[in-house]
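Topology and contacts: notes
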Amino acid sequence: MDYELMQRVFPFFLEAAWITILLSVLTAVLGLICGILGTAARLSRFVVLRFLGTAYVSLFRGTPALIQLFILYFGGPQIGIQLDAFEAGVIGLGVNVGAYMTETMRGAIIAVDNGQAEAARTLGMSRWQAMRNVILPQAMRLMIRPLGVNLNALIKSTALVAAISVVELTYTAQRYIGSTYKPFEMFLIAGVLYMIIIYIVGLGVAWADRKARTT
């Protein structure tokens, strides 16, 4: 193993790791927004909204994220959507993970006992008041760990944006392999950095879960 080479290229991998982190944060925020909207649509009393929510989840969970990125980045200009690689990566992965977050959030909400909502309604609360004051606080505790799983999967899926030339960890590894012919060392550095990022996120999710269960 070429330790000298690994030490020499490590600063460049750190720069790429920050791109991966930034991409993950922006994508997670967009995913949460899409997840909230998708959940609201899936649980709506209106048939049209339920249909749109179901179609969104089925479409983006039923097709590969890489194909979705290719359609957005390479096919977008044909229909007037001009995005650079980073923007396409954020939007493509964000909308994709939002479909998974939709089902995570919906599952947590419907897991709350129906008697809770009925009790709230007997106290004179509207459907929205019951959801906000009774159902959601309990559902939030149930969805933290599953959302953490979604977030871990998202961080790993950021490697897909290397296919559209976003200079994150995987793309950086591929670039240095082309000039050094040392695939083991390059992918080892990238893999360790991915593990560190995911480990830190896991600590944050575990802390949030403990906090939610003690309040």
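Note that this is a predicted model, so its numbers are computed, not measured. (Residues numbered from 1 in each chain as written. Predicted model: local features only at pLDDT ≥ 70, side-chain atom pairs only at ≥ 80, totals over all residues. Heavy atoms only, no water.)

A closer look at the environment of S157
Relative to the assigned elements, S157 resides in helix α6 (residues 127–157). S157 sits 120 residues away from L37 along the chain, and the two C-alpha atoms are 22 Å apart. (Helix = DSSP H or I, 4+ residues; strand = E, 2+ residues; numbered from the N terminus.)

As for helix α1 (residues 3–42)
The largest bend in α1 comes to about 40 degrees, at F10, with the proline P11 one to four residues further on. Its side-chain oxygen placed 3.4 Å from the backbone nitrogen of E4, D2 serves as the N-cap of α1. (Bend = angle between axes of the 7 residues up to and from the residue. Polar contact = N/O pair within 3.5 Å; in protein donor to acceptor, adjacent residues only side chain to side chain.)

Thoughts on the side chain of E185
Mapped onto the elements, E185 comes out in helix α8 (residues 183–213). Buried charge without a salt bridge: E185, with K182 as the nearest opposite-charge side chain at an N-O distance of 4.6 Å. Setting aside anything within four residues of it in sequence, one finds E185 in contact with M1, D2 and M6. (Buried < 20%, exposed > 50% of the residue type's maximum accessible area, 1.4 Å probe, protein only. Lys, Arg positive; Asp, Glu negative; His and termini not counted. Salt bridge = Lys/Arg side-chain N within 4 Å of Asp/Glu carboxyl O. Contact = heavy atoms within 4.5 Å.)

A look at the side chain of T20
Its location among the elements puts T20 in helix α1. Take T20: its relative accessible area is 0%, and that puts it in the buried class. Sequence-distant contacts of T20, defined by excluding residues within four places in its chain, comprise T158, E168, L169, Y194 and I197.

Comments concerning the pattern of salt bridges
When the charged atoms of two side chains with opposite charge come close together, those side chains can pair. Scanning the model with the defined rule gives 3 salt bridges in all. The partner of D209 in a salt bridge is R145, with the nearest N and O atoms 2.9 Å apart. Of this pair, D209 sits in helix α8 while R145 sits in helix α6; the two residues are 64 residues apart in sequence, bridging distant segments of the chain. According to the relative accessible area criterion, D209 is buried, its value standing at 4%. Taken together, the shared-partner salt bridges in this structure form one network comprising R42, E103 and R106.

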